[in-house]
Amino acid sequence: MKDTKKVAAPAATALNTNSMDKTTTKVKCGAVTVYDTLPDMQLTEHFALREFVISATAVRRGIDNVPPADAVERLRALCTEVLEPLRRRFGVIRVTSGYRAPAVNRLVGGASTSQHMRGEAADINVGSMETGRKMYDFARAHLDFDQLILERNEKTASRWLHVSYRADGKNRHQAFELVKR
């Protein structure tokens, strides 16, 4: 145990930040990761900007996937109007795809008019089709949204719920299921 502490201690760096007379110490060990460089901004009580910009494709290709300020505000509206109510009803929500820079959107095969590029859409993990169906039905009945797509990929057995919201109030309330083969 002593030897482990001797090796780990030189690699640890402490960062002190003062906020409202409280001192917080964060300890980082080893190299800085891409996740450490992402924006650390809270959009709403339960959603942070970094959840919407982390992208394996962007990391692999060295693409800046940080949205402009207007897209950040649209992400905030999406969280407030759709994701927070879903979280209150169903618990923790895991965003699997949020904001996409145009280059990222092309690489992942997104539509050329994808709302992900404007900060108006997110794909969320639903775990099972039963849970996905419950979330879809709840959102359809109780929330204002632009698009609600319960998606399933038969090859990979993955499933997710695509939700979008237009802060300009021109929500189309399109809701459907999509199976990718």
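One structure accompanies this document, and this report is about it.

Thresholds applied
- Residues numbered from 1 in each chain as written.
- Predicted model: local features only at pLDDT ≥ 70, side-chain atom pairs only at ≥ 80, totals over all residues.
- Heavy atoms only, no water.
- Phe/Tyr/Trp six-rings, centres within 6.5 Å; stacked < 30°, edge-to-face > 60°.
- Helix = DSSP H or I, 4+ residues; strand = E, 2+ residues; numbered from the N terminus.
- Lys NZ or Arg CZ within 6 Å of the ring centre and 35° of its normal.
- Pairing = 2+ DSSP bridges.
- Axes fitted to C-alpha atoms, helices over the stretch in contact; angles between N-to-C directions.
- Contact = heavy atoms within 4.5 Å.
- Salt bridge = Lys/Arg side-chain N within 4 Å of Asp/Glu carboxyl O.
- Buried < 20%, exposed > 50% of the residue type's maximum accessible area, 1.4 Å probe, protein only.
- Expected span 1.5 Å × (residues − 1).
- Arc of directions from axis to C-beta.

Concerning the packing of aromatic side chains
The way to describe two aromatic rings as a pair is by their centre distance and the angle between their planes.
Here comes step 1: Evaluation of the coordinates by the stated rule reveals two aromatic pairs.
Here comes step 2: Ring centres of Phe 90 and Phe 138 lie 5.8 Å apart, and the angle between their planes is 85°; on these two criteria the pair is classed as edge-to-face. Taken as a pair, Phe 90 in helix α5 (residues 69-90) and Phe 138 in helix α7 (residues 129-142) lie far apart in primary sequence, 48 residues in all.
Here comes step 3: Sitting over the ring of Phe 90, Arg 89 keeps its end group 5.0 Å from the ring centre.

Some details on the sheet that holds strand β3 (residues 95-97)
Here comes step 1: In spatial order, the strands read β3-β4-β6-β5-β7; together these five strands make up an open sheet with mixed pairing. Of all the strands in the sheet, just β3 and β7 (174-180) have a single pairing partner and so form its edges. Within the sheet, the average angular offset between the axes of one strand and its neighbour, ignoring direction, is 30°.
Here comes step 2: Strand direction decides the pairing type here: β3 and strand β4 (residues 121-125), joined by two bridges, are antiparallel. Looking across to β4, one finds that Val 95 is bridged to Ile 124.
Here comes step 3: With respect to the sheet, α7 is in contact with β4, β5 (147-153), β6 (158-164) and β7, its orientation differing from that of β5 by roughly 170°.

With respect to the pattern of salt bridges
Here comes step 1: Within this structure, the stated rule accounts for 13 salt bridges.
Here comes step 2: Notably, a salt bridge pairs Glu 73 with Arg 76, separated by 3.2 Å at the nearest N-O pair. With Glu 73 and Arg 76 both in helix α5 and three residues apart, this pair spans about one turn of that helix.
Here comes step 3: Among the residues examined, Glu 73 registers a relative accessible area of 44% and is labelled partly exposed.
Here comes step 4: Residues Lys 180 and Glu 151 are paired through a salt bridge, measuring 3.4 Å at the closest nitrogen-oxygen approach. Note that Lys 180 is positioned in strand β7 and Glu 151 in strand β5, a separation of 29 residues in sequence.
Here comes step 5: For Lys 180, a relative accessible area of 37% translates into the label partly exposed.
Here comes step 6: A cluster of three or more residues bridged by salt bridges with shared partners is formed by Arg 133, Asp 137 and Glu 177.

A closer look at α7
Helical geometry note: an α-helix holds 3.6 residues per turn, so side chains three or four residues apart project in the same direction.
Here comes step 1: With 14 residues, α7 extends 20 Å from end C-alpha to end C-alpha; this agrees with the ideal 20 Å at 1.5 Å per step.
Here comes step 2: Among all positions of α7, only Gly 132, Met 135, Tyr 136, Phe 138 and Ala 139 are buried. Mapping the buried residues of α7 onto a view down its axis gives an arc of 165°, with all of them on the same face. Facing away from the buried side of α7 by over 90 degrees, the exposed positions are Glu 130, Ala 141 and His 142.
Here comes step 3: Contacts from the buried residues of α7 go to α5, β4, β5, β6 and β7.

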